[in-house]
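Residue-level structural notes
Spelled out from the first residue to the last, the chains are:
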Amino acid sequence: MKTLKDRILRDGRCFPGGILKVDNFINHQMDPILMKSIGVEFVRRFASTQINKVITVEASGIAPAIMVGYLLELPVVFAKKKKPSTMENMLATSVFSFTKQRTYDVCVSRDFLCPGDKVLFIDDFLANGNAAKGIIELVKQAGAELVGMGFIIEKAFQHGGDELRAAGIHVESLAIIESLDNCEIKIR
Ligand code: 5GP
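Structural notes, computed from the coordinates. All values derive from a computational prediction rather than experimental measurement.

About the thresholds
Residues numbered from 1 in each chain as written. Predicted model: local features only at pLDDT ≥ 70, side-chain atom pairs only at ≥ 80, totals over all residues. Heavy atoms only, no water. Near = heavy atom within 4 Å. Polar contact = N/O pair within 3.5 Å; in protein donor to acceptor, adjacent residues only side chain to side chain. Areas by Shrake-Rupley, 256 points an atom, 1.4 Å probe, with all protein chains shown as cover. Helix = DSSP H or I, 4+ residues; strand = E, 2+ residues; numbered from the N terminus. Nonpolar A, V, L, I, M, F, W, Y, C, P; charged D, E, K, R; others polar. Phe/Tyr/Trp six-rings, centres within 6.5 Å; stacked < 30°, edge-to-face > 60°. Lys NZ or Arg CZ within 6 Å of the ring centre and 35° of its normal. Contact = heavy atoms within 4.5 Å.

1. Brief notes about the site of the ligand
In the region of the ligand, 16 residues are neighbours, and L20, A127, G129, A131 and K155 sit closest. For the ligand, a nitrogen atom lies 2.7 Å from a polar atom in the backbone of L20. Between the ligand and N27, the relevant distance is 3.0 Å, taken from a nitrogen atom to a side-chain nitrogen or oxygen of the residue. When the ligand sits alone it has 500 Å² of accessible area, and the protein chains cover 87% of it. At the level of elements, strand 2 (19–21), strand 7 (118–126) and helix 5 (130–142) are the ones that each hand at least two residues to the shell around the ligand. In terms of residues, the shell around the ligand owes the most to one element, strand 7, which gives 4 residues. In the shell around the ligand, the residues fall into 7 nonpolar, 6 polar and 3 charged.

Following this line, the structure appears as structure tokens:
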């Protein structure tokens, strides 16, 4: 997606350890016009897929997920990163975050992720694929079906995408970063 790639090259910043900061338009300040185009592109790429629900993880996945849900007129569920004491009927698993270097819980209510649901997962970044694997686990626990996974940015050098595709999952990434070596952004 050319507009996204141009924006990453213009406003993205590299940090040590292979971190790309896109706080200017995705992760802190958000660009709703770009986010709408991202939603349109996800809808185009998953057009042949039967979906009845969009799922994401709080917080940065919510903006692109809600764009997709709005365009497809489907509900959007976000997995929470803290177990609310009031949540009943909960599905939960743990995920290792490489940006924060710690493990956190992700959970979702069985009321909103149900047997027979055909879900599309949308998130901001795909790196090692740990968040994605957490969602795969929650979908499995719910008895739902994962029909695809869409990411705004995939960091190919961390290989989460290779694993997901090798597992037969339909993965779409709108910008694929080949390398952030020497703090230079190289996009496929
Ligand atoms: P994974 O679980 O695939 O290793 O990492 C994906 C999650 O970590 C994303 O949901 C995102 O929040 C965060 N993340 C991974 N790499 C980056 C990065 O380079 N920049 C930013 N801003 N977030 C990242």
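Picking up after the structure, the text goes on.
2. Considering the packing of aromatic side chains
All told, the structure shown has 1 aromatic pair when counted by the stated rule. When the ring of F121 is compared with that of F151, the centres are 5.9 Å apart and the planes differ by 70°; the resulting orientation is edge-to-face. With F121 in strand 7 and F151 in strand 8 (residues 145–155), this residue pair connects regions lying 30 residues apart in the sequence. We note K21 situated over the ring of F15; from NZ or CZ to the ring centre the distance is 5.4 Å. Positioned above the aromatic ring of Y104, the side-chain terminus of K81 is 5.1 Å from the ring centre.

3. Considerations on the side chain of D117
Locating D117 in the fold gives a position in the loop between strand 6 (102–109) and strand 7. Polar side-chain contacts of D117 include one of 2.8 Å to the side chain of K53. Ignoring anything within four residues of it in the chain, the contact list for D117 reads N52, K53, F112, A144 and E145.

All we've got here are geometric facts, nothing functional implied.
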